[in-house]
Amino acid sequence: MTDVVLYDVADRVAIVTLNRPEARNALSAALRGALTAAIERADGDPDVDVVILTGADPAFCAGLDLKELGSGAHDVSAAARGDRSEPGPIPKIPKPVIGAVNGVAITGGFELALNCDFLIASEHARFADTHSRVGIMPGWGLTVLLAEAVGVRRARELSATGNFLDAETALAWGLVNHVVPHEQLLPTCRKLAADIVSNDQAGVRRILQTYDEGWQMTSADAWDLESRVSADWLRSGGAMSDQIEARRQAVMERGRAQTS
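Parameters and conventions
Residues numbered from 1 in each chain as written. Predicted model: local features only at pLDDT ≥ 70, side-chain atom pairs only at ≥ 80, totals over all residues. Heavy atoms only, no water. Helix = DSSP H or I, 4+ residues; strand = E, 2+ residues; numbered from the N terminus. Buried < 20%, exposed > 50% of the residue type's maximum accessible area, 1.4 Å probe, protein only. Pairing = 2+ DSSP bridges. Contact = heavy atoms within 4.5 Å. Core = buried A, V, L, I, M, F, W, Y, C linked by side-chain atoms within 4.5 Å. Expected span 1.5 Å × (residues − 1). Axes fitted to C-alpha atoms, helices over the stretch in contact; angles between N-to-C directions. Parallel < 35°, antiparallel > 145°, perpendicular 65-115°, else oblique. Left-handed = near helix turned anticlockwise from the far one by under 90°. Nonpolar A, V, L, I, M, F, W, Y, C, P; charged D, E, K, R; others polar. Right-handed = clockwise from strand over helix to strand, strands pointing away.

Undergrad: Go over the overall build of the chain with me, naming the residues and quoting the values.
TA: When helices and strands are counted, the chain shows 12 helices and 9 strands. Taken over 260 residues, the chain has a buried fraction of 43%.

Structure follows, in structure tokens:
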């Protein structure tokens, strides 16, 4: 029997692949369970610093498996909760998760993409929120995360119309960070992951945690939070004085290499 989620680790990067291509990687109960297990596996793996989440071509994810739900075999509300106590389609982990969107990301699949730390899109990527067309409500953060990504008015348009957003428009609207040729999607994500791996991992995870905490606050409170985190980091020895100068030199060398 084919695994519905593939898991591969190389160079401290775990690639998690939704593997139901014949169903456009629709989120069946089995796939949801396997996906949760794969993300938790990556979180607990000391040899993994970054996760790349993608789908087996031609789709990223078509959302919840409506055929399975329509059969009455599974409760819709439980599926929307992700069959877990915490919100969202995947566990929230401190390690960065890059979404490599290789094709359509629809409804629950769109929410799955939005739950990644950032997105890189293939030229084939397309996004749509069809909750209102199907007659269900989002439960994995779409009304929060989509508005955060593209602004509330554009988010309202996408949700009210159910229209598809192509990759280039997604880039222009700030939903994705880069659009690349399809065959360059995973190599590009691997390169970005390698850049992350080359950093201090405790620092990376603390900065991402501060983003998560701060965006829910007022701007003034978020500034205060960042100041507290910075002071605590220094007191705890997170910035080792004997390492800072060597790291500064490495940053300068890397900057010269990137601009040459």
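Undergrad: Explain the sheet that holds strand β7 (residues 126-128) to me, and be specific about the residues and the numbers.
TA: Think of a sheet as strands paired side by side through backbone hydrogen bonds, with each pair either parallel or antiparallel. With respect to topology, 3 strands assemble into an open sheet ordered β5-β7-β8, the strand pairing being mixed. Since the sheet does not close on itself, it has two edges, and those belong to β5 (104-106) and β8 (165-166), each with one partner.

Undergrad: Outline the environment of Leu 185, supporting the account with residue identities and numerical values.
TA: Residue placement: Leu 185 occurs in helix α9 (residues 185-197). Residues Leu 185 and Val 101 lie 84 residues apart in sequence; the distance between their C-alpha atoms is 8.1 Å. Non-local contacts of Leu 185, meaning those with residues more than four positions away in its chain, are made with Ala 100, Val 101, Asn 102, Ile 120, Ala 121, Ser 122 and Val 180.

Undergrad: An account of the nonpolar core is needed here, citing residue identities and associated values.
TA: Counting residues in hydrophobic clusters, the biggest one holds 48 residues, and the most contacted among them are Val 16, Leu 35, Leu 53, Phe 127, Leu 146 and Leu 175. Setting aside residues no more than four positions away along its own chain, Val 16 makes contact with Val 5, Leu 6, Tyr 7, Leu 35, Ala 38, Ile 39, Val 51, Ile 52, Leu 53 and Thr 54. Ile 15, Ile 52, Ala 193 and Ile 196 belong to the second-largest nonpolar core, a separate cluster that totals 13 residues.

Undergrad: Can you lay out helix α10 (residues 201-214) for me, pointing to particular residues and giving the numbers?
TA: Given a rise of 1.5 Å per residue, 14 residues ought to cover 20 Å, and the 20 Å separating the end C-alpha atoms of α10 matches this to within 8%. Residues Gln 201, Gly 203, Val 204, Thr 210 and Gly 214 constitute the buried set of α10.

Undergrad: Any chance you could break down the side chain of Arg 32 for me, citing the residues and the numbers?
TA: Inspection of the secondary structure puts Arg 32 in helix α1 (residues 29-44). Here Arg 32 falls in the buried class, since its relative accessible area comes to 6%.

Undergrad: Can you tell me about the pairing of strand β6 (residues 118-122), naming the residues and giving the values?
TA: For β6, the buried fraction is high: 4 of the 5 residues fall into the buried class. Judged from the 4 bridges that link them, strand β4 (residues 97-101) and β6 form a sheet pairing that is parallel. Residue pairing in the sheet places Ala 100 in a bridge with Ile 120 of β6. Pairing geometry for β6 and strand β9 (residues 178-180), over 3 bridges, is parallel. Within β9, the position partnered with Ala 121 by the bridge is Val 179.

Undergrad: I'd like to hear about the packing of helix α6 (residues 142-150) against helix α7 (residues 152-161), residue by residue, with values.
TA: Contact geometry of α6 with α7 gives a least axis separation of 7 Å together with a crossing angle of 125°. Taken together, the axis directions place α6 and α7 in an arrangement best described as oblique. For the pair α6 and α7, the crossing hand works out as right-handed. Between α6, through Leu 142, Leu 146, Ala 147 and Val 150, and α7, the contact on the second element is made entirely by Val 152, Arg 154, Ala 155, Leu 158 and Ser 159. The residue makeup of the contact of α6 with α7, split by class, is 7 nonpolar, 1 polar and 1 charged.

Undergrad: Give me α6: which residues, what numbers.
TA: Residues of α6 that are buried: Leu 142, Leu 145, Leu 146, Ala 147 and Val 150. Where α6 is buried, its residues contact α4 (108-114), α5 (131-134), α7 and α8 (167-173). The first or second residue beyond α6 is Gly 151, which carries a positive phi of 95°.

Undergrad: Quick rundown of the pairing of strand β3 (residues 50-55)? Include the residues and the values.
TA: The buried fraction of β3 amounts to 6 of the 6 residues, a majority that puts the element mostly inside the structure. Burial along β3 is two-sided: the residues Val 50, Ile 52 and Thr 54 and Val 51, Leu 53 and Gly 55 are all buried. By the bridge criterion, 6 bridges tie strand β2 (residues 13-18) to β3 in an arrangement that is parallel. Bridging from a neighbouring strand, Val 13 pairs with Val 50 of β3. Handedness of the β2-α1-β3 crossover: right-handed.

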